[in-house]
Amino acid sequence: MTFDLEYNSERSTLIIPEYGRHIQKLVNHCIALESKEERNTMAKAIIDVMGNLQPHLRDVPDFKHKLWDQLHIMADFKLDVDSKYEVPSKEELREKPEKMDYPKSASRYRYYGNNIQTMIDIALTWEEGDKREALVFTIANHMKKCYLNWNKDTVDDTVIFKHLYDLSGGKIDLRESEEKLSESKNLLRKRNNQGKGHHKNNQKGKSNYSNNKYRKK
């Protein structure tokens, strides 16, 4: 008695591997059916099975349309059946998408992030006065904190003021200001305390889990 063993290396490549080889064989059999009525009946049955295998598609708008598109793709667009959805074009699916330009930051001070630039642009729209001045110094303090996060443990305020001047296009000039920003050690302390607080919360969660684990019900 002999057995004909079929190895994966000898099988054809699955077009959509998520559905497995059995679904692909059903699709191939459906293509080979001579009667269009039989093909329609079997195609609908295959769609129902595909829906059961991919339940997450039920949350996708018009998921039936997606299943029919996948059926035609697995059939290599050779399946002649009646469907209320238009058969997708092979050329359209194989068409390469347009190249997307990588977003480039206008600022060379990348460690401040894009939000700082947005805050500066908003500050420039405010009228001169105490509120705008308070916002400008809040931005400068945040810039100093960002600088310390990514560069070193200390930075002179004149460096931050110069960067603020550059980022604002020369419209915010604190280079001659006698005001002082928050001290580096205070900003670093806040950063460290936030990290410790996160660590404590994790430890507390683990402790509660351990206590509940062995608690008698």
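Structure shown above.
Residues numbered from 1 in each chain as written. Predicted model: local features only at pLDDT ≥ 70, side-chain atom pairs only at ≥ 80, totals over all residues. Heavy atoms only, no water.

## Regarding the packing of aromatic side chains
Across all of its chains, the model carries four aromatic pairs by this definition. Measuring from centroid to centroid gives 4.8 Å for tyrosine 111 and tyrosine 112, while their planes differ by 65 degrees, and the two rings are edge-to-face. For tyrosine 111, a relative accessible area of 24% gives the class partly exposed. Taking 5.4 Å as the distance between ring centres and 90 degrees as the angle between the ring planes, the aromatic pair formed by tyrosine 111 and tyrosine 147 counts as edge-to-face. With tyrosine 111 in the loop between helix 4 (90-94) and helix 5 (113-125) and tyrosine 147 in helix 6 (residues 130-150), the pair connects residues that are 36 residues apart, well separated along the chain. Clustering of aromatic rings is evident, with ring pairs tying together Tyr109, Tyr111, Tyr112 and Tyr147. Over the face of the ring belonging to tyrosine 165 we find arginine 175, whose NZ or CZ atom lies 3.7 Å from the ring centre. (Phe/Tyr/Trp six-rings, centres within 6.5 Å; stacked < 30°, edge-to-face > 60°. Buried < 20%, exposed > 50% of the residue type's maximum accessible area, 1.4 Å probe, protein only. Helix = DSSP H or I, 4+ residues; strand = E, 2+ residues; numbered from the N terminus. Lys NZ or Arg CZ within 6 Å of the ring centre and 35° of its normal.)

## A few points about unusual backbone geometry
The backbone of aspartate 76 sits at a positive phi, close to 55 degrees, despite the residue not being glycine. In this structure, aspartate 76 sits in the loop between helix 3 (63-74) and helix 4. With relative accessibility at 28%, the residue aspartate 76 sits in the partly exposed group. Even without glycine at this site, phenylalanine 77 takes up a positive phi of about 60 degrees. The residue phenylalanine 77 is located in the loop between helix 3 and helix 4 in this model. Taking relative accessible area as the criterion, phenylalanine 77 reaches 25% and is therefore assigned partly exposed.

## Comments concerning the nonpolar core
Ranked by internal contacts, the top residues of the largest apolar core, which has 23 residues, are Tyr112, Ile139, Met143, Ile160 and Leu164. Elements with a contribution of two residues or more to this core: helix 5, helix 6 and helix 7 (157-167). When residues in this core are grouped by element, the largest group, nine residues, is from helix 6. Grouped together as the second largest cluster of nonpolar side chains are 21 residues, Cys30, Ile47, Trp68 and Tyr85 included. (Core = buried A, V, L, I, M, F, W, Y, C linked by side-chain atoms within 4.5 Å.)

## A word on the pattern of salt bridges
In total, this model carries 10 salt bridges according to the counting rule given. Notably, a salt bridge pairs lysine 78 with aspartate 76, separated by 3.8 Å at the nearest N-O pair. One connected set of salt bridges, linked through shared partners, spans Lys36, Arg39, Asp80 and Asp82. (Salt bridge = Lys/Arg side-chain N within 4 Å of Asp/Glu carboxyl O.)

## Focus on a negative patch on the surface
A cluster of acidic side chains, namely Glu86, Glu92, Glu95 and Glu98, defines a negative patch on the protein surface. Taking the relative accessible area as the measure of exposure, glutamate 98 reaches 76% and is therefore exposed. (Patch = residues over 30% accessible without salt bridge, like charges linked within 9 Å, V, L, I, M, F, W, Y side chains within 5 Å. Areas by Shrake-Rupley, 256 points an atom, 1.4 Å probe, with all protein chains shown as cover. Lys, Arg positive; Asp, Glu negative; His and termini not counted. Charge placed at Lys NZ, Arg CZ, Asp CG, Glu CD.)

## Observations concerning the environment of leucine 181
Relative to the helices and strands, leucine 181 resides in the loop between helix 7 and helix 8 (184-213). With 40 residues separating them in the primary sequence, leucine 181 and asparagine 141 have C-alpha atoms 5.9 Å apart. Ignoring anything within four residues of it in the chain, the contact list for leucine 181 reads Phe137, Ala140, Asn141, Lys144, Asp157, Ile160 and Phe161. (Contact = heavy atoms within 4.5 Å.)

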